[in-house]
Amino acid sequence: MIPSQDHYKSIARQVGAVNLLALRRSKGMSQSHLATAIGLSDRALRRYERGERELPQAARLAIIKAFKVDPLASNQLAVELGLGDTDVSPAAQSQTTKDEGFWKTMRREGQEFREQHYSPLGQLFLKIRDHAYASATMYFAAENITFSLGIPFGFEINGIDWMFLGAFAVIVLLFSSFVAELPILKVAQHVIRSIRARVAS
């Protein structure tokens with residue numbers, strides 16, 4: 001049975017999506033920067049990276065010209081069709097061989113997840129939330145430490161530290177949404193592996 005045109009288009013979308021993401025990672029670029037470099041809108045690039053649409057020839061040629069990498073390399077398409085040996089693009093190779101630290105990798109993956117699943121406005125709100133949560137947590141911790149040491153700290157009005165209460169309220173309100181994005185399992189596995197490596201050495 002001969003595969004349909006939809007099947008071929010699906011393969012092209014998948015290969016293009018994987019290679020676009022690999023290229024962007026290897027260059028350390030945000031979606032916005034890569035989109036500007038190849039003449040696309042942020043929204044269009046997100047769709048291509050998700051495999052929702054097939055990469056148009058104009059964008060493909062712009063990528064080849066700018067980065068000397070073909071996101072729809074013939075050998076990769078052949079592999080997906082079962083006609084050749086497994087191979088990867090230069091972009092994917094450079095990403096695979098790139099040595100990243102664990103925390104840097106986690107930060108990059110989190111940023112890429114947001115870029116793929118949230119609009120620019122959504123990403124801005126998440127950044128504001130992150131900064132608000134971090135600031136509230138630091139203030140809350142500093143208040144408790146200075147209180148235990150008997151050092152005056154904070155801003156009291158009529159005997160009430162409204163900053164402390166505000167920080168506590170922010171922590172409580174944002175806790176669930178903040179923790180939901182944390183890769184707790186990956187971090188735990190990394191910590192366990194690090195401890196085992198130190199004990200073994």
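Details of the structure are given in the entry above.
Below is a short write-up of the structure. No experiment lies behind these values; they were computed from the predicted model shown.

Reading the values: the criteria
Residues numbered from 1 in each chain as written. Predicted model: local features only at pLDDT ≥ 70, side-chain atom pairs only at ≥ 80, totals over all residues. Heavy atoms only, no water. Axes fitted to C-alpha atoms, helices over the stretch in contact; angles between N-to-C directions. Helix = DSSP H or I, 4+ residues; strand = E, 2+ residues; numbered from the N terminus. Parallel < 35°, antiparallel > 145°, perpendicular 65-115°, else oblique. Contact = heavy atoms within 4.5 Å. Nonpolar A, V, L, I, M, F, W, Y, C, P; charged D, E, K, R; others polar. Buried < 20%, exposed > 50% of the residue type's maximum accessible area, 1.4 Å probe, protein only. Salt bridge = Lys/Arg side-chain N within 4 Å of Asp/Glu carboxyl O. Polar contact = N/O pair within 3.5 Å; in protein donor to acceptor, adjacent residues only side chain to side chain.

### Things to note about the packing of helix α3 (residues 42-50) against helix α7 (residues 102-117)
Piece 1. One can describe the packing of α3 onto α7 by two numbers: an axis separation of 9 Å at closest approach and a directional angle of 110°. With respect to each other, α3 and α7 are oriented roughly perpendicular. Here R46, E49 and R50 of α3 come into contact with α7, specifically with E115, Q116 and H117.
Piece 2. Of the residues that constitute the contact of α3 with α7, the class distribution is no nonpolar, two polar and four charged.

### What about unusual backbone geometry?
Piece 1. A positive phi angle, close to 60°, is found at K68, a residue other than glycine.
Piece 2. As for its position among the elements, K68 is in the loop between α4 (57-67) and α5 (74-80).
Piece 3. Given a relative accessible area of 65%, K68 falls into the exposed group.

### Let's talk about the pattern of salt bridges
Note on pairing: side chains with opposite charge can pair once their charged atoms come close.
Piece 1. Applying the stated criterion across every chain yields a total of five salt bridges.
Piece 2. With a closest N to O distance of 3.5 Å, E52 and R50 form a salt bridge.
Piece 3. Under the relative-accessibility criterion, R50 is labelled partly exposed at 38%.
Piece 4. Of the charged contacts in the structure, one is a salt bridge between D130 and R129, with a shortest N-O distance of 2.8 Å.
Piece 5. Taking the relative accessible area as the measure of exposure, R129 reaches 11% and is therefore buried.
Piece 6. In the salt-bridge network here, residues are joined through shared partners; they are R114, R129 and D130.

### Things to note about the side chain of R60
Piece 1. Structurally, R60 can be placed in helix α4.
Piece 2. Among the polar contacts made by the side chain of R60, one reaches the main-chain carbonyl oxygen of L72 at a distance of 3.0 Å.
Piece 3. In contact with R60, not counting residues within four places along its chain, are L55, D70, P71 and L72.

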